[in-house]
Amino acid sequence: MAPAAFESQAPQGEDTVSHNTVFSSSTVIDASSHRSKVSVIGSGNWGSVASKLIASNALRLTSFHDEVRMWVYEETLQSGEKLTDAINRTNENVKYLPGIKLGKNVVADPDLENAVRDADMLVFVTPHQFMEGICKRLVGKIRPDAEAISLVKGMEVKMEGPCMISSLISQILGINCSVLMGANIANEIAVEKFSEATVGYRQNRDVAERWVQLFYTPYFIVTAVQDVEGVELCGTLKNVVAIAAGFVDGLEMGNNTKAAIMRLGLREMKAFSKLLFPSVKDSTFFESCGVADLITTCLGGRNRKVAEAYAKNGGKRSFDELEAEMLQGQKLQGVSTAREVYEVLSHRGWLELFPLFSTVHEISSGLLPPSAIVEYSEKQVRSF
């Protein structure tokens, strides 16, 4: 299987199949001229897996410094030991990814400023609700020539409208930011089961190649497309659909209903993305970041799991309570993203155009019972 692929630069219409051109992950960088230093900002379940992927390539490829610093939001374990100390002692994230060796070259660091010092490749992988605060702390603390990539799934909603996390990073820190999304359940990648991902980049193909190099392994295949907003919105919106899928599972409505919810969810994902960003490409929805990520998240992700429990309890236990009980410190993204999407839809007068997205928020916030997830279809829906 090819190590990585880039979409063709030829113009594509809606009905055109993209053709991929392949490059070798060993032929891009002149290692003698520059060795990149990588920092990972975030150390949860996915952040730890990302660090494992990156660490293996940092050792293998001469274009990267061996050491990979991983910023850890410091916690005290039940044993009394600091999480950072435990990670550095065991080479495992004993709380969020127990039993998995990260790589001896991963160094956990609770000091955010120190963790990013001298790094020219910054990997952001924290819950999206914390990103603005983290970025503000980094102003003036990073290299001006640094490149960023966001693995964060979510958006910020401001008075002037929605702001994608990649844009937030670029605006606050003044650096270019790509994205990486895909059908990536972290625990499966941690044990090296085959998976794919999509890098979304803006203009600089060389930068995209560099990110592909950093993440690619024989069990983690990475492709790149020139569509940051499309890739990022796929990764963001699929969590809302996964909440809906969880309601269906909790109510034991069956696979036919779940498949219908997933199809309708994909339609709303595409429509919402193209209304916000007309440049979003139809083909992006058929990459790993699109339909593949939607499928895996609706079958096995944490958003589906907690939404199932919410529906089984008839909506009588809050998502906050269930999250604390079921996720051991990890965070849901779907409920907060559903709220943020709802704010955008309400502000722009689009609620009736997106009945599934609207209903997910109304159920999650207690305005409707979980059974309303299938009742929304009685509304008139505009065809996109």
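Structure first, text after, so check above.
The rules behind these values
Residues numbered from 1 in each chain as written. Predicted model: local features only at pLDDT ≥ 70, side-chain atom pairs only at ≥ 80, totals over all residues. Heavy atoms only, no water. 1 Å grid on protein atoms, 1.4 Å probe; cavity = no way out; pocket = protein on both sides within 12 Å on 5 of 7 lines; lining within 4 Å. Points joined across faces, edges and corners; volume = space filled by probe spheres on them. Helix = DSSP H or I, 4+ residues; strand = E, 2+ residues; numbered from the N terminus. Nonpolar A, V, L, I, M, F, W, Y, C, P; charged D, E, K, R; others polar. Disulfide = S-S within 2.5 Å. Buried < 20%, exposed > 50% of the residue type's maximum accessible area, 1.4 Å probe, protein only. Salt bridge = Lys/Arg side-chain N within 4 Å of Asp/Glu carboxyl O. Axes fitted to C-alpha atoms, helices over the stretch in contact; angles between N-to-C directions. Parallel < 35°, antiparallel > 145°, perpendicular 65-115°, else oblique. Contact = heavy atoms within 4.5 Å. Polar contact = N/O pair within 3.5 Å; in protein donor to acceptor, adjacent residues only side chain to side chain. Pairing = 2+ DSSP bridges. Right-handed = clockwise from strand over helix to strand, strands pointing away. Left-handed = near helix turned anticlockwise from the far one by under 90°. Phe/Tyr/Trp six-rings, centres within 6.5 Å; stacked < 30°, edge-to-face > 60°.

S.K.: What should I look at first to understand the layout of surface pockets in this one?
M.R.: Where empty space is left can be seen by rolling a probe of water-molecule size over the atoms. Of the voids in this model, the largest pocket is the one considered here, and its volume is about 1,200 Å³. Along its surface, the largest pocket is lined by 47 residues, and N45, W46, R302, Q330 and K331 are the ones closest to its centre. Within the residue set of the lining of the largest pocket, elements represented by two or more residues are helix 1 (45-60), helix 4 (131-138), helix 6 (186-190), helix 8 (228-250), helix 10 (288-300) and helix 11 (302-312). Tallying contributions element by element places helix 10 first for the lining of the largest pocket, with four residues. Residue composition of the lining of the largest pocket, by class: 20 nonpolar, 18 polar and nine charged. In this model, the second largest pocket occupies a volume close to 280 Å³. Considering the residues around the second largest pocket, the lining is formed by 15 residues, among which F319, D320, V335, S336 and R339 are closest to the centre. Counting residues per element, the ones that place at least two in the lining of the second largest pocket are helix 12 (319-326), helix 13 (334-348) and helix 14 (355-364). Considering only residue class, the lining of the second largest pocket consists of four nonpolar, seven polar and four charged.

S.K.: Can you help me understand the state of the cysteines in this one?
M.R.: Structurally, a disulfide amounts to a covalent bond that connects the sulfur atoms of two cysteines. Within the structure shown, the criterion is met by zero disulfides. You can see C135 has no disulfide; the closest cysteine sulfur is in C177, sitting 8.3 Å from it. Considering cysteine sulfurs only, C135 is the nearest to C163, which forms no disulfide, with 9.7 Å between them. On the basis of relative accessibility, which here comes to 6%, the residue C163 falls in the buried class.

S.K.: Honestly, the pattern of salt bridges in this entry has me stumped. Any pointers?
M.R.: Where side chains of opposite charge bring their charged atoms close, a pairing between them can arise. Counted under the stated rule, the structure contains 23 salt bridges. In this structure, the salt-bridge partner of D282 is K270, at a minimum N-O distance of 3.9 Å. Taken together, the positions of D282 in the loop between helix 9 (255-276) and helix 10 and K270 in helix 9 put the pair 12 residues apart, joining distant regions of the chain. Residue class for D282 comes out buried when judged on its relative accessible area of 15%. The class for K270 is partly exposed, based on a relative accessible area of 36%. Here E321 and R317 are joined by a salt bridge, their closest N and O atoms 3.1 Å apart. Counted as one network, the salt bridges with shared partners bring together D249, K258, R304, E308 and K312.

S.K.: How should I be thinking about the packing of helix 8 against helix 13 in this particular structure?
M.R.: The relative placement of two packed helices is expressed as an angle between their axes plus a distance between the axes. Two numbers describe how helix 8 lies on helix 13: the axes approach to 8 Å, and their chain directions differ by 110°. In terms of their interaxial angle, helix 8 and helix 13 are classed as roughly perpendicular. Counting all contacts with helix 8, which are made through T236, L237, N239, V240 and I243, the residues of helix 13 involved are G334, V335, T337, A338 and V341. Its residues assigned to classes, the contact of helix 8 with helix 13 comprises six nonpolar, four polar and no charged.

S.K.: Before we go on, may I ask you to explain helix 14 in this structure?
M.R.: Since the α-helix turns once every 3.6 residues, residues separated by three or four places project in the same direction. With 10 of its 10 residues buried, helix 14 lies for the most part within the structure. When helix 14 is considered as a whole, its buried residues turn out to be P355, L356, F357, S358, T359, V360, H361, E362, I363 and S364. Elements in contact with the buried residues of helix 14: helix 8, helix 9, helix 11, helix 12, helix 13 and helix 15 (372-375). Once helix 14 finishes, G366 follows within two positions and takes phi at roughly 85°, a positive value.

S.K.: Help me understand the side chain of K238, please; the structure alone is not making it clear to me.
M.R.: Mapped onto the secondary structure, K238 falls in helix 8. A polar contact of 3.1 Å, which involves the side chain of K238, links it to the side chain of N239.

S.K.: Sorry, what's going on with the pairing of strand 4 (residues 64-71) here?
M.R.: Remember that side chains alternate between the two faces of the sheet whenever the strand is regular. In this structure, strand 3 (residues 36-41) lies alongside strand 4, joined through five bridges in parallel fashion. Paired with S36 across the strands is F64, a residue of strand 4. For the crossover from strand 3 across helix 1 to strand 4, the handedness is right-handed. Here strand 4 pairs with strand 5 (residues 106-109) via four bridges, running parallel. Following the sheet pairing, V68 is matched in strand 5 by V106.

S.K.: What is the right way to look at the packing of helix 11 against helix 12 in this model?
M.R.: As a packed pair, helix 11 and helix 12 sit with axes 10 Å apart at the nearest point and diverge in direction by 125°. Judged by the inter-axis angle, helix 11 sits oblique to helix 12. Classified by chirality, the crossing of helix 12 by helix 11 is right-handed. Residue-level contacts link K305, V306, A307, A309 and Y310 of helix 11 to F319, L322, E323 and M326 of helix 12.

S.K.: Whenever I open this one, the packing of aromatic side chains confuses me. Can you help?
M.R.: The description of an aromatic ring pair rests on the distance of the ring centres and on the angle between the ring planes. In this structure the tally under the stated criterion is seven aromatic pairs. Ring pairs connect the aromatic residues F247, Y310 and F319, which therefore count as one cluster.

S.K.: I tried to follow the pairing of strand 12 (residues 220-225) on my own but got confused; where do I start?
M.R.: Of all the six residues making up strand 12, six are buried; the element is thus mostly covered by neighbouring parts of the structure. Both faces of strand 12 are covered, namely the face carrying F220, V222 and A224 and the face carrying I221, T223 and V225. Pairing of strand 11 (residues 195-200) with strand 12, which is carried by six bridges, proceeds in the parallel orientation. Paired with S195 across the strands is F220, a residue of strand 12. Between the parallel pair strand 11 and strand 12, the chain is carried across by helix 7 (residues 205-215), and the sense of this crossover is right-handed.

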